[in-house]
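# Report on the structure
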Amino acid sequence: MVYIESLNKPEKKFMKKENTHSAHLLELRKQAEALLNKGARKYPDFSHSHEEMQRVVHELAVHQIELDMQRDELLQTRADLEESLDCYTELFDFAPLAYLTLSLNGKIRQVNLTGTKLLGVDRSKLIGERFARFVTPDDLPVFNNFLTLVFSQHKSCSCEVRLGSDAGNVVISRNSFASPEEAVVPDNRIIRIDAVQSQDGRECRAVVSDISMEKLIERENSELKKATSHHSTGNGTTPDFNHHLIDKVIHARIRFAALSYLFSVDQACFVEIKKKVHTTDGNLSVHMRMLESAGYISCDKDLQARKPQTIYQITPKGHDAFVRYKESITALYGI
């Protein structure tokens, strides 16, 4: 029964559109009759000869066929446009990045579902709201200058700002095993905004991405690099080692195990890594994406035995990061 109902859904949708089109044509006919009754159009004067009447009937018949053909063509065009609109609306709403349309004064005119999740506010409440409300006060000058720059030139502009507490309560963890005090609170969330002015100059279209994790990784790796460099100066003194400077991207059981295995082999597929690490598909996917976003591994798709395979390799950046990680652990334990 469920299968039959699912088959009937497209038919019901088509019937609904047909009924809408019929109602639209009926309304057009009523409007035309009203114009004719008002004298907006008058009947042409014809002679009453038989030949002339035959010619008029023939012309009317041809004209009726032309109108039917034009109507069918318009209905098909309308159906195609509605289908395209539905398609692009779904692509817009479910895109992995936040898409927004901002007015000259920074008000949100359009936003997709990803944007509502990023800001933590329902779409109905976001429309007409100033985007600056969600930016931290310290970064408001940066955002305002960015908005002025976007509307003063016809090229893509970008900026990086932090989201304030009004942008929902989403918390991004440093790693899967982070304690509450190691979590990134909403005030620390960093976003990148890329925008370009529309053709009419009345609005700009913006893409907003959360780069908090990337910034966190960059900062921790920079601090770790400084710490390891200072530790190997050979000045005869051993400085206090801060364990918080250990690379948090690698310092998790699954990511460490996966990167260790890739460090020892040329390449490995997803299934092979999962067997070595002893974890689930979903858990491994999350950790591999984090390693890939940090630039520590590369990912390629391939066909093996007619089956799609995901192949991973450690990158030079990942190789160096793993070596530094081992040196840090060695220094931490004084080995």
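Residues numbered from 1 in each chain as written. Predicted model: local features only at pLDDT ≥ 70, side-chain atom pairs only at ≥ 80, totals over all residues. Heavy atoms only, no water.

Going by the annotation in an unreviewed UniProt entry, the name recorded for the protein chain is PAS, with Chlorobium ferrooxidans DSM 13031 given as the source organism.

Looking now at the packing of helix 7 (residues 253-264) against helix 8 (residues 270-277). Where helix 7 contacts helix 8, the axes come no closer than 10 Å and their chain directions differ by 120 degrees. Our classification of the angle between helix 7 and helix 8 gives oblique. Here helix 7 runs over helix 8; the crossing is right-handed. Contacts between helix 7 and helix 8 pair R253, I254, A257, A258, Y261 and L262 from the former with E272, I273, K276 and V277 from the latter. Classifying every residue of the contact of helix 7 with helix 8 by side-chain character gives 7 nonpolar, no polar and 3 charged. (Axes fitted to C-alpha atoms, helices over the stretch in contact; angles between N-to-C directions. Helix = DSSP H or I, 4+ residues; strand = E, 2+ residues; numbered from the N terminus. Parallel < 35°, antiparallel > 145°, perpendicular 65-115°, else oblique. Left-handed = near helix turned anticlockwise from the far one by under 90°. Contact = heavy atoms within 4.5 Å. Nonpolar A, V, L, I, M, F, W, Y, C, P; charged D, E, K, R; others polar.)

Bringing the pattern of salt bridges into the picture now. A full pass over the atoms with the stated rule returns 12 salt bridges. Across the salt bridge formed by E52 and R55, the nearest N and O atoms sit 2.7 Å from each other. Of this pair, E52 and R55 both sit in helix 2 (residues 50-93), separated by 3 residues, roughly a single helical turn. Linking D194 and R192 is a salt bridge whose minimum nitrogen-to-oxygen distance equals 3.0 Å. Residue D194 is classed as partly exposed on the basis of its relative accessible area of 24%. R192 sits in the partly exposed class, given a relative accessible area of 30%. The network of salt bridges with shared partners includes R109, E203 and R205. (Salt bridge = Lys/Arg side-chain N within 4 Å of Asp/Glu carboxyl O. Buried < 20%, exposed > 50% of the residue type's maximum accessible area, 1.4 Å probe, protein only.)

For the rest of this paragraph, the subject is the packing of aromatic side chains. For the coordinates displayed, the defined rule picks out 6 aromatic pairs. With centroids separated by 6.3 Å and ring planes inclined at 40 degrees, the aromatic side chains of F143 and F146 adopt a geometry described as tilted. Here F146 and F143 lie together in helix 5 (residues 140-150), a separation of 3 residues that amounts to about one turn. Under the relative-accessibility criterion, F143 is labelled buried at 1%. What makes F146 buried here is its relative accessible area of 4%. Consider the rings of F256 and F322, whose centres lie 5.9 Å apart with planes at 25 degrees: the pair is stacked. Remark: F322 occurs in helix 10 (residues 316-333) and F256 occurs in helix 7; sequence separation between them is 66 residues. The partly exposed category is assigned to F256, whose relative accessible area is 33%. (Phe/Tyr/Trp six-rings, centres within 6.5 Å; stacked < 30°, edge-to-face > 60°.)

What follows is about the side chain of S198. One can find S198 in the loop between strand 6 (190-197) and strand 7 (203-210). Among the polar contacts made by the side chain of S198, one reaches the side chain of D200 at a distance of 2.6 Å. Ignoring sequence-local partners within four residues, the contact set of S198 consists of H154, E203, C204 and R205. (Polar contact = N/O pair within 3.5 Å; in protein donor to acceptor, adjacent residues only side chain to side chain.)

As summarised here, the arrangement of the 5 strands in space is 2-1-7-6-3, forming an open sheet in which the pairing is antiparallel. A strand with exactly one partner marks an edge of an open sheet, and here the two such strands are strand 2 (108-111) and strand 3 (157-162). Pairwise comparison of adjacent strand axes, ignoring direction, gives a mean angle of 25 degrees for this sheet. Sitting on the sheet, helix 5 touches strand 1 (98-103), strand 3, strand 6 and strand 7, and the angle it makes with strand 3 is about 165 degrees. (Pairing = 2+ DSSP bridges.)

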